[in-house]
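Chain and residue survey
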Amino acid sequence: MAAARVRSGGRPTLEEVAARAGVGRGTASRVINGSPRVSAQTREAVEAAVAELGYVPNRAARALAGNRTDAIALVVPESETRFFAEPYFSDIVRGVGAALADTEMQLLLTLAGNDRERRRLAQYLTAHRVDGVLLVSVHADDPLPDLLEQLGMPSVISGRRHAAETLPSVDSDNFEGARAAVDHFIARGRRSIATITGRLDVYGAQRRLDGYRKAIASAGLDPDERLIAPADFSEESGARAMRELLARRPDVDAVFAASDVMAAGARQVLRESGRRIPDDVALIGFDDSAVARHMDPPLTSVRQPIEEMGRVMAAVLLQEIAQHHEGRTEERPRIVLPTELVIRESS
């Protein structure tokens, strides 16, 4: 080992690794770069040579040679205020980070909540300064997914823009989660069931509203548009929507809010109006975040596996990046993870 280091001026080279393993330089390079196109025996020989020589890859040179940056961007097209107010985003980041922990990929978190930030992001991506992009909370009219497709940038989206989404996607079953929540109300004898929606230019919010409508129709209840109040996923909008519902339908006896944060706003207004939860009005949220567990009374909520969504998104993106660099094209995955109704005292 000492002799090998002396010949290379003190630092083992890729050529020395290849010679020690009895393979060509290109084969040694493929093993070190994680290519699947080598036999198990060859991989073991190269890995043993790397360990014996103490070889450390030059990441900068490797990235330059392979036209890679060893970095991916997690893009959230929302304001800083909303990003830090909603537990959903921190859970996604945690899941993505866990999936990347054993890789050499660097994670760049980018918020693009206004036009200026979006222009800067577009310039950054156009320069191909990352190997791939994870997109979270995308609105229907957001041009960023189309830009990524034009650039040929490997990308994965959480929260499809529409039913015919063309990018690889990872989502939770928003429709069935909402339907389960309303079915629970109906089973408990509630009949004037309202919903507070998220922004309806977000496909996930549309699907939660669809699930609500389906459960109402399946139970034979009369649909009443006065029981549907739009909001934007914030606590303030949840409170505002609850006031509107009480003004339009003071007989409301159950509310399904499309996020726990909006449910917190609704709860405050219900208490201010003298209504008891769940005696007078039952309440269910969506996400099963810490907000739900710490609410008084504890909030029944639809649990979506947010951290798992982050992990799966990152895993799918790594596959997309590998296929891109190897020139392979495969069917783009569309993964939907199941939700679960967690029943607590509020319903």
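Keep in mind that this is a model prediction, so the values were computed, not measured.

**Side note on the environment of Thr197**
- Looking at where Thr197 falls in the secondary structure, it is placed in strand β6 (residues 193-197).
- The spatial distance from the C-alpha of Thr197 to the C-alpha of Gly211 is 11 Å, given a sequence separation of 14 residues.
- Look past the residues within four positions of Thr197 in its chain and what remains in contact with it is Leu209, Ile228, Ala229, Pro230, Ala231, Asp232, Ala258 and Met262.

**Side note on the pairing of strand β1 (residues 71-76)**
- In terms of burial, β1 is largely enclosed, as six of its six residues are buried.
- Burial along β1 is two-sided: Ala71, Ala73 and Val75 and Ile72, Leu74 and Val76, pointing in opposite directions, are all buried.
- Judged from the six bridges that link them, β1 and strand β2 (residues 106-111) form a sheet pairing that is parallel. Looking at the pairing, Val76 lines up with Leu111 of β2.
- Note that β1 and strand β3 (residues 132-136) share four bridges and pair parallel. Directly across from Val75, in β3, lies its bridge partner Leu135.

**Quick word on the packing of helix α2 (residues 14-21) against helix α4 (residues 40-53)**
- Interhelical geometry of α2 versus α4 gives an angle of 125° and a closest axis separation of 8 Å. One way to sum up the angle between α2 and α4 is to call them oblique. In terms of crossing hand, the pair formed by α2 and α4 is right-handed. Contacts between α2 and α4 involve Glu16, Val17, Arg20 and Ala21 on the former and, on the latter, Ala45, Val46, Ala49, Val50, Glu52 and Leu53.
- Split into classes, the residues belonging to the contact of α2 with α4 amount to seven nonpolar, no polar and three charged.

**A look at the packing of helix α8 (residues 115-126) against helix α9 (residues 144-151)**
- α9 packs onto α8 with a crossing angle of 15° between their chain directions and a minimal axis gap of 11 Å. Taken together, the axes of α8 and α9 lie roughly parallel to each other. Taken as a pair, α8 and α9 cross one another with a handedness that is right-handed. Listed contacts from α9 to Leu121, Ala122, Leu125 and Thr126 of α8 are Leu144, Leu147, Leu148 and Leu151.
- Each residue belonging to the contact of α8 with α9 can be placed in one class, and the counts come to seven nonpolar, one polar and no charged.

**Considering the environment of Pro298**
- Position of Pro298 relative to the elements: it lies in the loop between α14 (290-294) and β10 (300-303).
- Between the C-alpha atom of Pro298 and that of Arg344, which follows or precedes it by 46 residues, the distance is 5.8 Å.
- Look past the residues within four positions of Pro298 in its chain and what remains in contact with it is Ala292, Arg293, Arg344, Glu345 and Ser346.

**Remarks on unusual backbone geometry**
- A cis amide bond links Ile277 to the next residue, Pro278, at an omega of 5°.
- Among the secondary structure elements, Pro278 is positioned in the loop between α13 (260-272) and β9 (282-287).
- Look at Ser137: it is not a glycine, yet its phi comes out positive at around 60°.
- Looking at the secondary structure, you find Ser137 in the loop between β3 and α9.

**Let's talk about the domain arrangement of the protein**
- When the domains of the protein are assigned, the result is domain 1 (2-57), domain 2 (71-172 + 307-337) and domain 3 (174-303).
- Taken over C-alpha atoms, the centre of domain 2 sits 29 Å from the centre of domain 3.
- The partner domain 3 presents 10 residues to the 14 residues of domain 2 that form the contact.
- For the pairing of domain 2 and domain 3, the buried interface totals around 1000 Å² over both sides, and the portion due to carbon and sulfur atoms is 52%.
- Its largest share of buried area at the contact with domain 3, domain 2 owes to Pro87, His139 and Ser172, together 36% of the area lost on that side.
- Applying the counting rule to domain 2 against domain 3 returns zero salt bridges.
- The interface formed by domain 2 and domain 3 includes three residue pairs in polar contact (both at pLDDT 80 or more).
- Where the side of domain 2 that touches domain 3 is concerned, the elements lending two or more residues are α6 (80-85), α7 (87-100) and β5 (169-172).

Conventions and cut-offs
Residues numbered from 1 in each chain as written. Predicted model: local features only at pLDDT ≥ 70, side-chain atom pairs only at ≥ 80, totals over all residues. Heavy atoms only, no water. Helix = DSSP H or I, 4+ residues; strand = E, 2+ residues; numbered from the N terminus. Contact = heavy atoms within 4.5 Å. Buried < 20%, exposed > 50% of the residue type's maximum accessible area, 1.4 Å probe, protein only. Pairing = 2+ DSSP bridges. Axes fitted to C-alpha atoms, helices over the stretch in contact; angles between N-to-C directions. Parallel < 35°, antiparallel > 145°, perpendicular 65-115°, else oblique. Left-handed = near helix turned anticlockwise from the far one by under 90°. Nonpolar A, V, L, I, M, F, W, Y, C, P; charged D, E, K, R; others polar. Domains from an automatic or database assignment. Buried area = accessible area lost by both parts, 1.4 Å probe. Salt bridge = Lys/Arg side-chain N within 4 Å of Asp/Glu carboxyl O. Polar contact = N/O pair within 3.5 Å; in protein donor to acceptor, adjacent residues only side chain to side chain.

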